[in-house]
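Report on the structure
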Amino acid sequence: MPRCPQCGKLMDSSETRCPFCREPVSWEKKPVKKELEPTGPVGRGGWLIAVVIYLLLSIPFMGIQFLGYLSIGNRLISGLCGLYVLYTVMLIILYFTRHRLFRNIALFVQALHLAAIVAIPVDGLVREPASLGDTLTLGILLALMIVGVMVYLIKSKRVKNTF
């Protein structure tokens, strides 16, 4: 038996007025609001797979950079590379657990990687100005790739809908 919405007492569902408080009662079902479905792609697919492959491949590269700069005593760049490796591992874990912080931490990790990429040519300019050409070209290409990843993480509907 349903209850009167006004007084809360049990009453027959065939009645149009509550027998106790005499308030009119409507037994029409109210429409249930549906949750908004995300528009656009959802899930770990598309270009998001390329971002994860990029992250997985950057771990050994930055690990080698870390060890190389640590061996010559450059603590600033080796520290940046080491932090990048640690944060990238954490980021990959967040990706596979579909954690909501993936996007924000991914942007932070890419900014850290960009700082390391910019710091390497600047360090090369101070130590050996003659050998700067190749390092600078590689640094610019990596920086452009990193900025592309950052733009994808900010603008992608798939990233917004998945995380």
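So, a few notes on the structure that sits alongside this text.

What counts, and where the lines are drawn
Residues numbered from 1 in each chain as written. Predicted model: local features only at pLDDT ≥ 70, side-chain atom pairs only at ≥ 80, totals over all residues. Heavy atoms only, no water. Helix = DSSP H or I, 4+ residues; strand = E, 2+ residues; numbered from the N terminus. Expected span 1.5 Å × (residues − 1). Bend = angle between axes of the 7 residues up to and from the residue. Buried < 20%, exposed > 50% of the residue type's maximum accessible area, 1.4 Å probe, protein only. Patch = residues over 30% accessible without salt bridge, like charges linked within 9 Å, V, L, I, M, F, W, Y side chains within 5 Å. Areas by Shrake-Rupley, 256 points an atom, 1.4 Å probe, with all protein chains shown as cover. Salt bridge = Lys/Arg side-chain N within 4 Å of Asp/Glu carboxyl O. Phe/Tyr/Trp six-rings, centres within 6.5 Å; stacked < 30°, edge-to-face > 60°. Lys NZ or Arg CZ within 6 Å of the ring centre and 35° of its normal. Polar contact = N/O pair within 3.5 Å; in protein donor to acceptor, adjacent residues only side chain to side chain. Contact = heavy atoms within 4.5 Å. Core = buried A, V, L, I, M, F, W, Y, C linked by side-chain atoms within 4.5 Å. Disulfide = S-S within 2.5 Å.

1. Brief notes about helix α1 (residues 47–71)
Taking 1.5 Å as the rise per residue, α1 with 25 residues should run 36 Å; its terminal C-alpha atoms sit 36 Å apart, in good agreement. In α1, a bend of some 30 degrees at Ser 58 exceeds every other bend along the element, and Pro 60, a proline, comes one to four places later. Those residues of α1 that fall on the buried side of the exposure criterion are Leu 48, Val 51, Val 52, Tyr 54, Leu 55, Ser 58, Met 62, Gly 63, Gln 65 and Tyr 69.

2. Points about a nonpolar patch on the surface
A surface patch of nonpolar side chains, amounting to about 290 Å² of accessible area, comprises Ile 49, Ile 53 and Leu 57. When you line up the elements, Leu 57 lands in helix α1. For Leu 57, a relative accessible area of 60% puts it in the exposed group.

3. Description of the packing of aromatic side chains
Across all of its chains, the model carries five aromatic pairs by this definition. Taking 5.6 Å as the distance between ring centres and 55 degrees as the angle between the ring planes, the aromatic pair formed by Tyr 95 and Phe 102 counts as tilted. A relative accessible area of 5% places Tyr 95 in the buried class. Three or more aromatic residues joined by ring pairs make a cluster, and in this case those are Tyr 95, Phe 96, Phe 102 and Phe 163. Here the guanidinium or amino end of Arg 44 rests over the ring plane of Tyr 95, the centre of that ring lying 5.6 Å away.

4. A few points about the side chain of Thr 162
With respect to the helices, strands and loops of the structure, Thr 162 is situated in helix α5 (residues 157–162). Side-chain polar atoms of Thr 162 contact the backbone oxygen of Arg 158, separated by 2.7 Å. The contact partners of Thr 162, leaving out residues within four places of it in the chain, are Val 42, Gly 43, Arg 44 and Arg 98.

5. Focus on the nonpolar core
Leu 48, Leu 55, Tyr 84, Leu 91, Phe 102 and Leu 153 are the most contacted members of the largest nonpolar core, which totals 34 residues. Only α1, α2 (75–96), α3 (102–127) and α4 (132–155) provide two or more residues apiece to this core. Filtering out sequence-adjacent residues up to four positions away, Leu 91 remains in contact with Leu 55, Phe 102, Ile 105, Ala 106 and Val 109.

6. Notes on α2
Counted at 1.5 Å a residue, the expected span for α2 with its 22 residues is 32 Å, and the 32 Å between its end C-alpha atoms agrees. Of the residues flanking the end of α2, it is Arg 98, one or two places downstream, whose phi is positive at about 55 degrees.

7. Let's talk about the state of the cysteines
One covalent bond between the sulfur atoms of two cysteine residues makes up a disulfide. In this structure the tally under the stated criterion is zero disulfides. Distance from the sulfur of Cys 4, which forms no disulfide, to the nearest cysteine sulfur (Cys 7) is 3.7 Å. Given a relative accessible area of 3%, Cys 4 falls into the buried group.

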